[in-house]
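What the coordinates show
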Amino acid sequence: TWLGRHVPRCVMRDLSKEVFRLHRKEESKLVMPCEQLYRASLLFIDISGFTKLSQMLDIESLSKSINSYFQKIVDEVTNHGGDILKFAGDAVFAEWRINFKPKSYRSTHSKEEKDAIDNCVERAAACGASVVAKCSDYPVFESGDTGSQISTLNVHCGVAFGSMAALHVGNDYNRREFLVLGETIDKVTKACDAATYGELMASPEVFDILQRSMQRGIFGIKSKKRNTEPIRIASRNQYIFDDKKQKRRQSFTRSKHRKSIPLKEYEVQFDKMDLTSLKYFQKILSFYVHPVVVSDETVRRHNRGDIEVTQERHRSEAELRSVYTLFIKPIIKSELQFDAKQNRKLFNVLNDTLNIVTSILDSFRGHLRQFIVDDKGVILIATFGLRGSTSPNMASERVLPAARTIQFALQNELGINNYIGGTLGKVYCGVVGGIKRHEFAVLGPSVNLSARLLSMPNHPGILVNNDVRQVAMKWGIFLPFPPLKAKGYTELVPVYQPITARESRWGKANPRFVGRKAEMNRVTTVAKQSALTTKSRTKMFFVWGESGSGKSDFLVQTVAQSRKAIVTLKKKVIVSRNIGTDGDALVPFSLFRSVFRDLLVESTIESNSSVISSRHGSRHDAVSLRERDWENESLSSLNSISSLVLTASAEKFEAICNELEAPRGFLQIVGYHLLGHSKKPTNAKDKAPIFDEIVDFMAKVFLHLTSNVDLTILALDDIHHTDNISWKVLQRIFETGENILFICGSRPISSRKLHVDEGYWTELQGLYRENDRFLEISIGPLSQSEIQEMTAIALSCKVKEVDIQLTKDIYAHTRGMPHFVSQVLENCKRKGLCERLENNKIGWRKGTKEIQFSTLDELLLQRIDDLDDFTRKTIRLAAVLGQSFTFVDIIEISRHILSITEEEEDDHYNNLLNSMNIAIEEGILDVLESTGEDVPNIRKDDNMSLSEFPDLSNEEKLDEATNLIQNSGTSYRFCHDTWRQKILSLVLDSYIRDIHIHAASAIELRIANMEDADYRTKMRLLRHQKASGNTSKSAQLSLDVGKSFVHLGLNSHSIHVYNSALSMWQSDSSNASSNASTNASTSSEATSIAGFTMHVIESLDQSDLVSIIKLQTAKGQALGTLSRKLESARAFENALEVSPLKMFLFFPSLFIYHFCRSAKLNNKLQIQIFKEAPVSKEIKERSFLFPIYSGLFFLLKYGGMVEPSEELTYEHNLVTNFVEQTRLNGDPVHYSRSLAMQGEFYSRQGQYEDALVCHEKLKRVYNINAHSALVVEAYASDRSAQNFGISANCYYRLGNVKAALQLTDIVLYKMMPKMDLTNVHNSVVMIYPTLWILKEEKLPRKALLALDRFVFRPFDQHFGTKGKTFSLALFQPLKALFTALMYKQGMEKKIDDSIMSWALKDDSMIIGSNVDNSFANFGRCGSS
């Protein structure tokens, strides 16, 4: 078989035996893993020169040279009766077995066995000697056999003998590998390593056997004592045998001696197989061969020619192409033991390792090149980008995700730590070897580099070369590692650690972490208990710590320790992390942006691992593997899983939402604004989501994603930044979840207020603390002994070597605060302040009497001053942008701030990148994550991009890589807030404002439509606009954002936004008041009106004055919706106090009435405001003020806002002035609204004729088609149209039934069909007065039909069964009332059972006072 030339003959023999056993139905097929114990002589041939050659020859010449050379080696091995086990890159393993099976791994030898041993050892040694003689100094020419010599190939060899285990590992459906294990492999590689070019070295055992078999010394060397090191037994110019022994060696090739070696054991008797057996043999044989070869052989299966011609063609198909190579090193002790059970465990682990890796590679369309167990340990070699498996974005979408998944799966499925080295480079891809024995291989400098990466000190898990980094910038973050020297590279090779955004956000555990052991063990103990307990109630740890106390580092270490402890228990754990930042409090669900992304990705990888685990079966139950129909099973499930991992699981999120029946708007709001998925957000015309449903569903999704694990750890640092909506979701999870552990970090609550519901916080501090579900840890200073330990680690010495005075000084200056200590120690290292003293201790350098600074500020200032000028400018700019920022912003803003010309852009970019790297090395900045944002046009060649397989010079590649970096956004953050605050203190206010101006402009340029921007982007823009002093833009954006929050039911968030915007002027007021106090100004100058000083009021321009009034009005409306009446009225009053209307002269302030009751003082203040704000006289268009009247009028109807004796006068003045101002304004929208308000006021006072006069005026100005939508936009409901129902009630009260019924019909049949029925509250208010007219006139069916058409059905369609609206409490009573009336009048034969059940409930007739008071204004209260 042609495929058989790709595997050792021993494998062919084993597979043929399996086929014959199955054919005879004697036994089942091989059960993986399948091992065989044997002894053999092993020859290791290491070839040098291929790497250099691959860089010098074209592919055709390279292939010819490589395989011509390998052909000579293969010929020597086969001529000496050996079996080539593997082509390990540019090396060859060959063996000569003996026929005798040992009874154990250490057994004595009989005479017959000794003869067999002598035989195989002599043959192996003779083969090695022949190879070094014939293959050393092998010349390579330009064109194969002709031209000038350009290079030389060489070999050095080692030979050893001993016991080994042959092991078949893999599965029965797509991939197997043949391994050899045993100390003989270590011995032969040691012997080879000891040989120089053209030498053959023997292990001590081989040397002794040869001494015995030859009966004389070799090269005159006689052993007087037992050798322990390899011995040279041949070289390129010298054989191990004299002439007599040489003839004996040659005689070994004769038939007489051939019978004594096991060649016949390898012969496969194909003529005894039927067609089915042959097909099965072909199939299982293909599992051992590289997939590229199998695919090629399948294509040519029916087009065979001469064997040698076919093989020559096969070899000529080699390619020189850019390939990704992964070297995977599981940390497995692969030494054979004397205990068979221990060996069996090892074999199972190796089998499971192969199955996990190959399954993941299959899912990511990668290939396993080889599985090796040698002196370097266990190595798996994988490739991406071979023939037939290329795709765009391979590095970011396949290679790195595959490496991460393999690492995760080996750690979590098998508990095996592992290291991976990944490279991209041009390599030789094709068959290497001879005609009769060869394998598919990849050879080249980048392959060697992948292996070298595994040996890097302090290996973090995955390392890659710069070529991988350049094409995978959008995947994540690449942290620089120390460069290394590698074969085939003229210069040091840059090395990088790829990390995910999640890792960069949170940080990695420090194995040399000092202190906090008791606190860490406390958390870990609770975590383990929760993981081991079924349905364990959720618990919460709160970790308090001042800035610099090491709180964040503690959380990182504790989470890592807890996770490791749970994995050790063989329990499944998911960890999700979030670090709060400034501004999060204004972004709804801000915490769950990172949490959901973590859970989606990790649960996807978990499901991937589960599929993989199920595919290769449990290692404790091999039968499960054979029971599945692997031939017909598709890999589509694995492919879909990998796709989800690569795309941040957007599709999975949507699938979960559909599966769990997400509430309306959830996918758009949370998916778009939170996770950045493509669904557009809802707008004001869409159905409004229900806030409580969204909160509940957020918790439901979280619990769904974590339902299949034993413990979920939710680590939340700086939780004091978290918004109150996220806290509500956390509360739901805490109250309903199981096997969940919250680990929260925060500054002390005395310095940073939590945005948590007070009632829930009280429960945590009380009931939940008593039940041990809420636990607290306070992080304080480190002890002096712990400082000494930190010092020893920093100065690379033992703890006892640290001078006690040094420790005392550091402790005294830092007060034991870890962050300060680390900065001091870093400075000591940088400045060389410490040295070894005469007492052999490490202490202060001679002449350094004490720490050269007294505070952390001084130390940071010193470090900042040591930076170069450009780096200082860069970090100043970064500090202004915020605690975290993007490289996109740095590039764009610095270009404007520093006036960079087009010709300077390339150098400027490189300088920026260098400055960022310096800041990272200095410990000022951390890389946070890749955002994927597009960068504006920064370079001339922006349209160019780095191809997946770049055929470029190093300079061209660097240029293109630079351009690609610019097309992806990378985020950074300050390592600690103390750095940022210190840098900001050095920056002039004017410079800060300039930076914010450019930052806001940059964001605006990148957003085509602000309405489509997500909340986080809008909040970033808002922060820059505020800080830049652009009050007009920031106020308008605040109003827009607040309005969108109101539409989502997030009124509390909208209030925060409005307050934040108003603080722009109130902060100025505070500053002005402070200055006034300092300058001993007059009391009138410091007077505050509506929260603003007269200084601010005097300086307001028209735009600012309008903005303040609009913000106060919007705030009042939101507060009113939350039934916070006093606060709402205060907001409306504030809007009035700064407004320019002369109505200040007509009626006093509501709140001054309420609290001061001094009309004289109030009038004085209003006159003063009007007098001191001359800009108010210039404002002609004042319609923006009119919603204030509507808001105050609405609040007044609830009562209790003004003294009862003054209430009527206040309301009358309010309404009268509103009508007058709107009449003067002339806008029918506002004028009709004011007339409706006046009509409602008269109706409530029983002045029905006056109310109808207002109605007649209203009819002349209001047009439902033209004005209804505009009224709704301005006043939330069509307050003008609502007057028609109220007027119908007035007619009925006056006894004019006909007019009342006519107006009722107008409302029901002409006006309601034109209304937006999704505004259910408006519909209820519209028809509510008419219902009582219909009731009194015995028309209950008409009333019920109107309710059903305009209220009940629209509400169900729009809000659903769990929906809420202000008038909801009236729905069932109204339905019951009119149904009962119809039954009483004989229109219905039976009252529905649901109504009867409702009516019999004790609380069914209870209507809230707010609803009663409100609807009493429209005819009668609900309770009546």
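Refer to the preceding data block for the structure.
My aim in this report is to walk through the structure given alongside it, one point at a time.

Criteria and cut-off values
Residues numbered from 1 in each chain as written. Predicted model: local features only at pLDDT ≥ 70, side-chain atom pairs only at ≥ 80, totals over all residues. Heavy atoms only, no water. Helix = DSSP H or I, 4+ residues; strand = E, 2+ residues; numbered from the N terminus. Buried < 20%, exposed > 50% of the residue type's maximum accessible area, 1.4 Å probe, protein only. Contact = heavy atoms within 4.5 Å. Polar contact = N/O pair within 3.5 Å; in protein donor to acceptor, adjacent residues only side chain to side chain. Expected span 1.5 Å × (residues − 1). Phe/Tyr/Trp six-rings, centres within 6.5 Å; stacked < 30°, edge-to-face > 60°. Salt bridge = Lys/Arg side-chain N within 4 Å of Asp/Glu carboxyl O. Axes fitted to C-alpha atoms, helices over the stretch in contact; angles between N-to-C directions. Parallel < 35°, antiparallel > 145°, perpendicular 65-115°, else oblique. Left-handed = near helix turned anticlockwise from the far one by under 90°. Nonpolar A, V, L, I, M, F, W, Y, C, P; charged D, E, K, R; others polar. Pairing = 2+ DSSP bridges. Core = buried A, V, L, I, M, F, W, Y, C linked by side-chain atoms within 4.5 Å.

With that settled, the discussion passes to the overall build of the chain. In terms of regular secondary structure, the chain is built from 57 helices and 28 strands. Taking all 1424 residues of the chain together, the buried fraction comes to 57%. Within the chain, contacts between residues at least 6 apart in sequence are counted, and of these 74% link residues at least 24 apart.

As for its placement among the helices and strands, Gln 1245 is situated in the loop between α48 (1228-1244) and α49 (1248-1261). Remark: the alpha-carbon pair of Gln 1245 and Leu 1208, spanning 37 residues in sequence, is separated by 9.3 Å.

A few words on the side chain of Thr 791. With respect to the secondary-structure elements, Thr 791 resides in helix α28 (residues 784-794). Reaching out from Thr 791, the side chain makes a polar contact with the backbone oxygen of Ile 787 at a distance of 2.8 Å. Leave out the neighbours within four places in its chain, and Thr 791 touches Val 802, Leu 806, Ile 810 and Leu 825.

The subject of this paragraph is helix α32 (residues 869-881). In a regular helix each residue adds 1.5 Å, so 13 residues correspond to 18 Å; α32 covers 19 Å between its end C-alpha atoms and thus fits that length. Those residues of α32 that sit buried are Thr 871, Thr 874, Ile 875, Leu 877, Ala 878, Ala 879, Val 880 and Leu 881. The distance from a side-chain oxygen at the start of α32 to the backbone nitrogen of Phe 870 is 3.1 Å, and the residue carrying that oxygen is Asp 868.

A few words now on the packing of aromatic side chains. Taken as a whole, this structure holds 25 aromatic pairs when the rule is applied. Pairing Phe 50 with Tyr 69 gives two aromatic rings, centres 6.4 Å apart and planes at 85°, and the pair type is edge-to-face. Placement of Phe 50 in helix α2 (residues 50-54) and of Tyr 69 in helix α3 (residues 59-79) is noted, with a sequence separation of 19 residues between them. Look at Tyr 69 and you get buried, because its relative accessible area is 0%. Note on Phe 1241 and Tyr 1242: the rings are 5.7 Å apart at their centroids and 55° apart in plane angle, and the pair reads as tilted. Neither residue differs from the other here; Phe 1241 and Tyr 1242 are each classed as buried. Taken together through their ring pairs, the aromatic side chains of Phe 542, Trp 544, Trp 727, Phe 734, Phe 742, Tyr 760, Trp 761, Tyr 768 and Phe 774 make up a single cluster.

Glancing now at unusual backbone geometry. Residues apart from glycine generally show negative phi values, whereas peptide bonds are mostly found in trans. Following Met 32, the chain continues to Pro 33 via a peptide bond in cis, the omega torsion being -5°. By the element assignment, Pro 33 lies in the loop between α1 (9-24) and β1 (34-48). The phi dihedral of Asp 137 falls on the positive side, at around 50°, and the residue is not glycine. Accessibility expressed as a relative area gives 42% for Asp 137, which makes it partly exposed. Although it is not a glycine, Asn 393 sits at a positive phi angle of roughly 55°. Relative to the assigned elements, Asn 393 resides in the loop between β11 (377-384) and α14 (394-413).

Now for the pattern of salt bridges. Oppositely charged side chains may form a pair once their charged atoms are brought near each other. Within this structure, the stated rule accounts for 43 salt bridges. Among the salt bridges present, the one from Glu 738 reaches Lys 535, with a minimum N-O distance of 3.8 Å. Taken together, the positions of Glu 738 in the loop between α26 (724-736) and β20 (740-746) and Lys 535 in the loop between α18 (517-532) and β17 (539-545) put the pair 203 residues apart, joining distant regions of the chain. Classification of Lys 535 as exposed rests on a relative accessible area of 57%. Here the salt bridges share partners, and the residues they tie into one network are Glu 826, Arg 830, Arg 863 and Glu 922.

The contact between helix α52 (residues 1297-1311) and helix α54 (residues 1340-1359) brings their axes to 12 Å, and the two run at 30°. Overall, the two elements α52 and α54 adopt an arrangement that is roughly parallel. Where α52 crosses over α54, the handedness of that crossing is left-handed. For the pair α52 and α54, contact is made by Asp 1305, Leu 1308 and Tyr 1309 and by Lys 1342, Ala 1346 and Phe 1350, respectively. A class-by-class count of the residues in the contact of α52 with α54 yields four nonpolar, no polar and two charged.

Turning to the environment of Ile 209, a few remarks are in order. Relative to the assigned elements, Ile 209 resides in helix α6 (residues 204-214). Using a relative accessible area of 8% as the deciding quantity, one classes Ile 209 as buried. Distance in space between the C-alpha atoms of Ile 209 and Asn 119 is 9.8 Å, their sequence separation being 90 residues. If we skip the residues at most four places from it in the chain, Ile 209 touches Ile 117, Asp 118, Val 121 and Phe 161.

A few words now on the pairing of strand β12 (residues 418-433). Most of β12 sits out of view: 14 of its 16 residues are buried. In terms of strand pairing, strand β9 (residues 319-330) meets β12 through twelve bridges, oriented antiparallel. Following the sheet pairing, Phe 327 is matched in β12 by Gly 421. Strand direction decides the pairing type here: β12 and strand β14 (residues 462-465), joined by three bridges, are parallel. Each residue of the ladder has a partner; that of Gly 422, found in β14, is Val 464.

Locating Gln 1282 in the fold gives a position in helix α51 (residues 1279-1293). Here Gln 1282 falls in the buried class, since its relative accessible area comes to 4%. Separated by 45 residues in sequence, Gln 1282 and Ile 1327 place their C-alpha atoms 8.1 Å apart.

Quick look at helix α30 (residues 818-831) now. In a regular helix each residue adds 1.5 Å, so 14 residues correspond to 20 Å; α30 covers 20 Å between its end C-alpha atoms and thus fits that length. Every buried residue of α30 is accounted for by Pro 818, His 819, Phe 820, Val 821, Gln 823, Val 824, Leu 825, Asn 827 and Cys 828. Within two residues after α30, Gly 832 carries a phi angle of roughly 65°, on the positive side.

As a further point, take the nonpolar core. Counting residues in each nonpolar core, the largest one holds 91 residues, and the members touching the most others are Trp 1065, Tyr 1262, Ile 1327 and Val 1351. With 63 residues, the next largest nonpolar core counts Phe 542, Leu 599, Phe 774 and Ala 1013 among its residues.

This part takes up the sheet that holds strand β21 (residues 774-779). Strand order in the open sheet formed by five strands is β18-β19-β20-β17-β21, and the pairing between neighbours is parallel. In this open sheet, the two strands that pair with only one neighbour each are β18 (573-579) and β21. Strand-to-strand twist across the sheet, computed as the mean angle between neighbouring axes with direction ignored, equals 15°. Where β17 lies against β20, six bridges are found, and the strand directions are parallel. Of the residues in β20, the one forming a bridge with Met 540 is Phe 742. Helix-sheet contacts for helix α27 (residues 758-770) involve β17 and β21, and the interaxial angle to β21 is about 100°.

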